Each structure stands twice: as structure tokens, then as C-alpha cells.
Amino acid sequence: MSDFFIVRDDGFHPDDGAEPIVLAPDTDPATLADHLDQPLIAVDFPAFSDGRGFTLARLLREKGFSGRLRAVGSLIADQYAMARRVGFDEVRISAALAARQPQDQWLYRADWQEWDHRSRLAG
């Protein structure tokens, strides 16, 4: 059994063994354009309370990154919808986290396109 899983909108997948460039949460946004030609970029979340990776994902997409964008590190199921909304394609989680937060908890948040707080506020 793998030590990691890839979470996508359709559930858990075995870790693909890819070794993407990994951006730290304190990556200077001015350097993001240097990575736009990569097929896969991972953004590290050292703690689930550190949201800087969400900003990096949004900025990468705004700068035109069209490859796969993977969140790695300490994300939890409750953050999956936010990760998808800002541009992540997938989240890499440990087998230990998958045991604590099984696939159904991640799939519950896979309706990220249906939830839009701005339109709900507008009425």
C-alpha cells in the first residue's frame, strides 16, 4: 500500500510517483512566471492553518499556468473545495490522513463548483 494518495473530484487515486517542482508557501510571487512551462507544480502547505498556498495557486492560474497543480502537505478535507476553487487540480495526502478522513469526506466537498458565496449573498 502506498504511503500517499492523490485526491481528485472522483475520489482517491494511488500516488502517481510524480516528482514535481515544489513551491514553498513563502515563494516570491514575482518568480512564479519562471515555472509556467512545467507540466506539474506542487505547492506545499506546511500546516493546515497556513493559507499562503491558496494565493500562490490563484496567482499561478492568473499568470497562465495550464498544467496540473497539486497541493501537498497538511491540507484537510474541509479545505478541498477551496483548493479546487483557487486552481488546484488535486491534493496529495498521506495514508494516515486518508484513514482519519476517508474518501467520502473528500467527496462531500467535491461539489466545489456548486458553492459560490458571492452569488448567494447577492440573492
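Presented here is a report on the structure given in the accompanying data block.

Criteria and cut-off values
Residues numbered from 1 in each chain as written. Predicted model: local features only at pLDDT ≥ 70, side-chain atom pairs only at ≥ 80, totals over all residues. Heavy atoms only, no water. Helix = DSSP H or I, 4+ residues; strand = E, 2+ residues; numbered from the N terminus. Buried < 20%, exposed > 50% of the residue type's maximum accessible area, 1.4 Å probe, protein only. Pairing = 2+ DSSP bridges. Axes fitted to C-alpha atoms, helices over the stretch in contact; angles between N-to-C directions. Phe/Tyr/Trp six-rings, centres within 6.5 Å; stacked < 30°, edge-to-face > 60°. Lys NZ or Arg CZ within 6 Å of the ring centre and 35° of its normal. Right-handed = clockwise from strand over helix to strand, strands pointing away.

### Some remarks on the environment of A57
By the secondary structure assignment, A57 is in helix α1 (residues 52-62). Taking relative accessible area as the criterion, A57 reaches 0% and is therefore assigned buried. Sequence separation between A57 and I41 is 16 residues; the distance between their C-alpha atoms is 9.5 Å.

### As for the sheet that holds strand β6 (residues 90-94)
Taken in spatial order, the six strands line up as β2-β1-β6-β5-β4-β3 in an open sheet, and their pairing is mixed. If you trace the sheet from one side to the other, it starts and ends with β2 (11-14) and β3 (21-23), each paired once. Neighbour-to-neighbour, the strand axes of this sheet turn through a mean angle of 30 degrees, independent of strand direction. Of the strand pairs in this sheet, β3 and strand β4 (residues 40-45) are connected by three bridges, and their pairing is parallel. Considered in β4, the bridge of L23 is made with V43.

### Concerning the packing of aromatic side chains
All told, the structure shown has four aromatic pairs when counted by the stated rule. Among the aromatic side chains, those forming a connected cluster through ring pairs are F45, F54 and F88. Taking the ring centre of F4 as reference, the NZ or CZ of R92 above it sits at 3.6 Å.

### Examining the pairing of strand β5 (residues 68-73)
Alignment of β4 against β5, held across six bridges, turns out to be parallel. Paired with V43 across the two strands is A71, which belongs to β5. In terms of handedness, the path from β4 via α1 over to β5 forms a crossover that is right-handed. One ladder, built from three bridges, connects β5 with β6; its direction is parallel. Within β6, the residue paired with A71 across the bridge is V91. Read from β5 through helix α2 (residues 80-86) to β6, the crossover connection turns out right-handed.

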